[in-house]
Amino acid sequence: MGAVRAWMVRAGADGEREDVSIAESLAVAGWPELGDLTGCMTPEDLKAELAKAYPRENPRVLGNWRGQLWRFRAVMSPGDLIVLPLKAGNIAIGHLTGDYQFRTEAAPGLRHVRTLTWNRTDVARTELRADLRATLGSLLTVSELRRFDAVKRLTLLAAGEPDPGNPDAPASLRLLEKPAELADKVAEAPADKPVELAVRDLLSIWDFVSRSGKATAAIRRDLDELGLAVVPPITEVPSIDHIVRVVPIGLAPEAERQALGKETANLELEPEEGEDSATDLLADEEPDSGGIGDISLPAVGAGEGGDDDQEAAPPAPVLVTVGRLPSARSELKTVKLTDPLNRAVELLSENGYDQLPVLDEDGHLRGSITWREIGATNRPATALVRDAAVLKVRSIRTDEPMVDCLADVADHGCVFVVNPDGSLSGIVTGHDLAHRFEQELRPYALIQELELRLRRALRKALMQVKEISGQYGLPGDPGRIVKLANQGMNFSDYITLLKRDDVWHATGWQFPQQSFAERMDRVRKIRNETMHFHTSDDDRINAVKEIQIALQMLKTVQPQA
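Residues numbered from 1 in each chain as written. Predicted model: local features only at pLDDT ≥ 70, side-chain atom pairs only at ≥ 80, totals over all residues. Heavy atoms only, no water.

A. Structural detail: the sheet that holds strand 1 (residues 6-9). One open sheet accounts for six strands, arranged 2-5-4-3-1-6; its pairing is mixed. A single partner strand is all that each edge strand has here, and the edge strands are strand 2 (26-28) and strand 6 (142-144). Here the average twist between neighbouring strands, direction ignored, is 40°. Its contacts with the sheet put helix 5 (residues 150-158) on strand 1, strand 3 (81-85), strand 4 (91-102) and strand 5 (112-123), and the angle it makes with strand 3 is roughly 70°. (Pairing = 2+ DSSP bridges. Helix = DSSP H or I, 4+ residues; strand = E, 2+ residues; numbered from the N terminus. Axes fitted to C-alpha atoms, helices over the stretch in contact; angles between N-to-C directions. Contact = heavy atoms within 4.5 Å.)

In structure tokens form, the structure reads like this:
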């Protein structure tokens with residue numbers, strides 16, 4: 001038997017298979033029109049059976065279903081863990097005991113099963129730490145739970161033990177569940193050993209899994225009340241796996257200096273409210289300002305967000321700092337003024353560098369040295385770096401606006417980045433800036449294409465409604481056609497049309513109507529709630545994935561659009 005794996009097997013969109021699953025100790029896959037899969041010995045066999053059972057389904061959908069069913073049919077093994085989210089909000093955890101079975105006499109939708117033994121059927125979702133709970137968010141009927149040491153943690157939960165948290169987090173911080181507990185840890189920490197943890201683990205204390213506007217606002221509010229701050233700010237580091245420090249800032253000045261070993265002016269802290277740079281290159285455009293470059297940004301219509309807008313927290317700061325670039329917080333090869341000059345030659349040769357940053361004895365940036373300075377230096381073998389010509393270089397702090405380094409990078413190809421205390425942090429090149437701007441603009445470009453395809457398809461469908469029925473479906477449809485042609489509709493209008501049966505049938509699409517409309521509604525929420533795409537790299541990555549899936553579905557049915 002191989003290593004134990006963990007799987008989530010859902011009981012249907014409305015939990016329709018839940019009662020049978022619990023009462024008869026079964027994992028039930030659904031797919032009522034599909035026959036016995038016992039003879040399917042390869043994924044290709046399964047593909048053929050799906051095509052026969054669902055001849056009108058889109059090939060992309062069938063490919064997804066094949067992957068899920070093959071896992072259920074052949075990959076899941078006795079001994080593996082099974083997780084079933086329940087309608088009541090709890091989850092059930094058990095382990096497989098048998099191979100795939102097809103129950104001929106059972107009702108449709110209850111025939112594809114695996115036998116199991118339930119360990120617990122009353123696990124409250126709150127017993128799972130935020131990162132593990134987030135792994136249950138997949139909409140797939142059958143999916144593997146692999147991240148964050150899920151097998152070990154689910155095994156402990158099944159046995160009635162607490163979730164030990166992210167195994168990569170420091171042991172002393174792994175089980176922190178309240179901000180006050182974090183404050184206690186900071187108070188107990190020696191001055192030379194501050195509390196350090198990954199942004200991911202900091203978020204989990206507040207029960208968040210990403211750096212959304214709501215998360216960053218809540219965390220900042222609570223930290224302010226506790227007299228704490230995160231260095232660097234969680235919105236300014238490249239990923240949620242980045243390590244940050246939690247430091248006290250609410251103590252009296254003498255205590256601050258004693259606890260931190262330096263004055264707080266050297267700490268990279270979030271600016272006070274209202275101090276964000278007005279020159280921020282990537283700040284949101286005004287609704288009627290057009291867009292960034294040649295891309296027209298989709299405007300958020302008044303009231304379009306509905307209830308979502310009422311619940312939205314203030315967005316994270318829109319200031320895009322240099323520290324947000326991964327290379328600005330990278331480890332660089334360096335030399336000191338007192339190092340042998342041959343050391344600089346060795347590092348330049350071994351790494352193929354054009355230049356090396358030169359530091360003083362305190363680790364502060366003093367300049368750079370290149371092949372030109374070395375070649376122009378007629379020094380003995382005992383020469384030091386300081387004996388060569390060390391070029392003065394422009395540097396920028398991690399907490400300064402990214403826009404402020406554009407001119408230096410354009411003129412010199414790069415700029416060195418320093419921490420607020422003057423120590424070297426990294427470097428920014430033209431490639432780094434270009435890659436960053438590509439990331440920032442991609443969501444807007446994807447949404448623009450998706451909306452264009454939706455508008456064309458819905459306008460065509462509305463016109464076909466009249467051709468089929470002899471009249472428009474609703475009195476306002478001619479006006480809707482005009483609005484679609486003139487980009488006068490918002491995303492909520494698209495979804496309203498997608499939910500109309502006459503319009504949906506006129507599109508001729510073979511997707512499940514309800515699930516497609518729900519997917520587009522998720523894109524609407526992304527569009528409305530995360531127009532500050534640059535405020536969180538992990539949020540942007542997830543948003544881009546969601547938009548790309550929706551766009552690919554439209555491309556499948558509109559390849560020439």
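What follows continues from the structure just given.
B. Inspection of helix 15 (residues 477-485) at higher detail. Within helix 15 the residues assigned to the buried category are D477, I481 and L484. End-on, the buried residues of helix 15 take up no more than an arc of 65°, which puts them together on one face. Along its buried surface, helix 15 packs onto helix 14 (430-469) and helix 16 (491-498). Phi for Q487, located one or two positions after helix 15, is positive at around 60°. (Buried < 20%, exposed > 50% of the residue type's maximum accessible area, 1.4 Å probe, protein only. Arc of directions from axis to C-beta.)

C. Looking closely at the side chain of R455. With respect to the element layout, R455 can be found in helix 14. Of the side chains bearing the opposite charge, E451 lies closest to the buried R455, which forms no salt bridge; the N-O distance is 4.1 Å. Not counting chain neighbours up to four residues away, the residues in contact with R455 comprise L484, Q487 and Y494. (Lys, Arg positive; Asp, Glu negative; His and termini not counted. Salt bridge = Lys/Arg side-chain N within 4 Å of Asp/Glu carboxyl O.)

D. Representation of helix 5. By the burial criterion, the buried members of helix 5 are A150, R153, L154, L157 and A158. Axial view of helix 5: buried residues confined to an arc of 140°, hence all on one face. In this structure, the buried residues of helix 5 make contact with strand 1, strand 3, strand 4, strand 5 and helix 4 (130-134). The first or second residue beyond helix 5 is G160, which carries a positive phi of 90°.

E. The arrangement of unusual backbone geometry in detail. Put simply, V231 and P232 share a cis peptide bond, and its omega is -10°. Checked against the element boundaries, P232 lands in the loop between strand 8 (228-231) and strand 9 (243-248). Residues other than glycine seldom take positive phi values, yet S25 does so here, at roughly 55°. Summarising the element assignment, S25 is placed in the loop between helix 1 (18-23) and strand 2. Classification of S25 as partly exposed rests on a relative accessible area of 25%.

F. Structural view of the packing of helix 14 against helix 16. Put simply, helix 14 and helix 16 touch, their axes get as near as 11 Å, and they point 45° apart. When the axes of helix 14 and helix 16 are compared, the pair comes out oblique. Taken as a pair, helix 14 and helix 16 cross one another with a handedness that is left-handed. The residues of helix 16 that touch helix 14, namely those facing L450, E451, L454, R455, L458 and L462, are F491, Y494, L497 and L498. Residue classes in the contact of helix 14 with helix 16 are distributed as eight nonpolar, no polar and two charged. (Parallel < 35°, antiparallel > 145°, perpendicular 65-115°, else oblique. Left-handed = near helix turned anticlockwise from the far one by under 90°. Nonpolar A, V, L, I, M, F, W, Y, C, P; charged D, E, K, R; others polar.)

G. Up close: the packing of helix 14 against helix 15. Taken N-terminus to C-terminus, the directions of helix 14 and helix 15 make an angle of 155°; their axes are 9 Å apart at the nearest point. On the basis of the axis angle, helix 14 is roughly antiparallel to helix 15. The two elements helix 14 and helix 15 cross, and the hand of that crossing is left-handed. Together, R455, L458, R459, L462 and M463 of helix 14 and D477, R480, I481, L484 and A485 of helix 15 make up the contact between the two elements. Looking at the contact of helix 14 with helix 15 residue by residue, the classes come out as six nonpolar, no polar and four charged.

H. Broad picture of the nonpolar core. One finds L50, L450, L454, W509, F516 and M520 to be the most contacted residues of the largest nonpolar core, which totals 61 residues. Per element, the largest residue contribution to this core is nine residues, and it comes from helix 14. Filtering out sequence-adjacent residues up to four positions away, L450 remains in contact with F491, M520, I547, A550, L551 and L554. Within the second largest apolar cluster, 22 residues are counted, among which are L182, V186, I219 and I240. (Core = buried A, V, L, I, M, F, W, Y, C linked by side-chain atoms within 4.5 Å.)

I. Fine view of the pattern of salt bridges. Counted by the stated rule, this structure contains 22 salt bridges. A salt bridge links D222 to R221, with the nearest nitrogen and oxygen atoms 3.7 Å apart. For D222, a relative accessible area of 18% puts it in the buried group. With relative accessibility at 47%, the residue R221 sits in the partly exposed group. Between E546 and R519 there is a salt bridge; the shortest N-O distance is 3.0 Å. Linking E546 in helix 19 (residues 537-557) with R519 in helix 18 (residues 513-529), this pair joins segments that are 27 residues apart in sequence. Accessibility classification places E546 together with R519 in one group, the buried group. Each of the salt bridges in this network shares a partner with another, and the network as a whole consists of D477, R480, R500 and D502.

J. Spatial organisation of the packing of aromatic side chains. Enumeration according to the criterion identifies eight aromatic pairs in this entry. Their ring planes at 85° and their centres at 5.7 Å tell us that W504 and W509 sit as a pair that is edge-to-face. Pair check on accessibility: W504 and W509 agree, each one buried. Each ring, one from W504 and one from F516, has its centre 5.6 Å from the other, and the planes form 50°; the classification is tilted. Of the two residues, W504 sits in helix 17 (residues 501-507) while F516 sits in helix 18, which places them twelve residues apart along the sequence. (Phe/Tyr/Trp six-rings, centres within 6.5 Å; stacked < 30°, edge-to-face > 60°.)

K. Fine view of the pairing of strand 3. For strand 3, the tally of buried residues reaches five of five residues, placing the bulk of the element in the interior. Judged by which residues are buried, strand 3 turns out to be covered on both faces: L81, V83 and P85 on one side and I82 and L84 on the other are all buried. With three bridges joining them, strand 1 and strand 3 adopt parallel strand pairing. Each bridged residue has a counterpart across the sheet, and for W7 the counterpart in strand 3 is I82.

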